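Summary of the model geometry
This is what each chain is made of:
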Amino acid sequence: CGAFAGVRVANPISLARSVMEKTEHVLLVGEGAMKFAQSEGMPLAAREYLVTAESEEEWRTWRGYKDNVQSLFAASGQPEPHDTVGCVALDAEGGLACGTSTGGVV
């Protein structure tokens, strides 16, 4: 398992894989994560690369409905919604890989 937080990189799954394969850690955060990303030659990404105008507008709309959405999920017993995406891939030799990435927009 490999994860990081507090770093804006262009290829987050690649960085998570590097954490998993090249360190004894499960999670790197903040300055340590940034130093590791740089040592791995990971290209950093500006906020504008990671957050589109459309997703920012959607976030602003969501913020307006946040209390209503939270109350709906609380009433149904489900956890709060998140903006996480995931992928799963199976290669021709039967190798399975998966990854997730959250937008983390605050």
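It should be emphasised that the depicted structure is a prediction, and the values quoted were computed from it without experimental measurement.

Broken down by element type, the chain carries 4 helices and 4 strands. Helices (α) and strands (β) of the chain occur, in sequence order from the N terminus, as β-α-β-α-α-α-β-β. Burial analysis of the chain (106 residues in total) assigns 17% to the buried set. Across the chain, the fraction of contacts at a sequence separation of at least 24, relative to all contacts at a separation of at least 6, is 40%.

Another aspect to go through is the nonpolar core. One recurring pattern in soluble globular proteins is that nonpolar side chains are buried together. Listed in full, the 11 residues of the largest apolar core are Phe4, Val7, Val9, Leu15, Ala16, Val19, Leu28, Ala33, Phe36, Ala37 and Met42. Of all the elements in the fold, those that place two or more residues in this core are helix H1 (12-22) and helix H2 (30-39). Setting aside its immediate chain neighbours within four residues, Leu15 contacts Phe4, Val7, Val9, Phe36, Ala37 and Met42.

Cut-offs applied
- Residues numbered from 1 in each chain as written.
- Predicted model: local features only at pLDDT ≥ 70, side-chain atom pairs only at ≥ 80, totals over all residues.
- Heavy atoms only, no water.
- Helix = DSSP H or I, 4+ residues; strand = E, 2+ residues; numbered from the N terminus.
- Buried < 20%, exposed > 50% of the residue type's maximum accessible area, 1.4 Å probe, protein only.
- Contact = heavy atoms within 4.5 Å.
- Core = buried A, V, L, I, M, F, W, Y, C linked by side-chain atoms within 4.5 Å.

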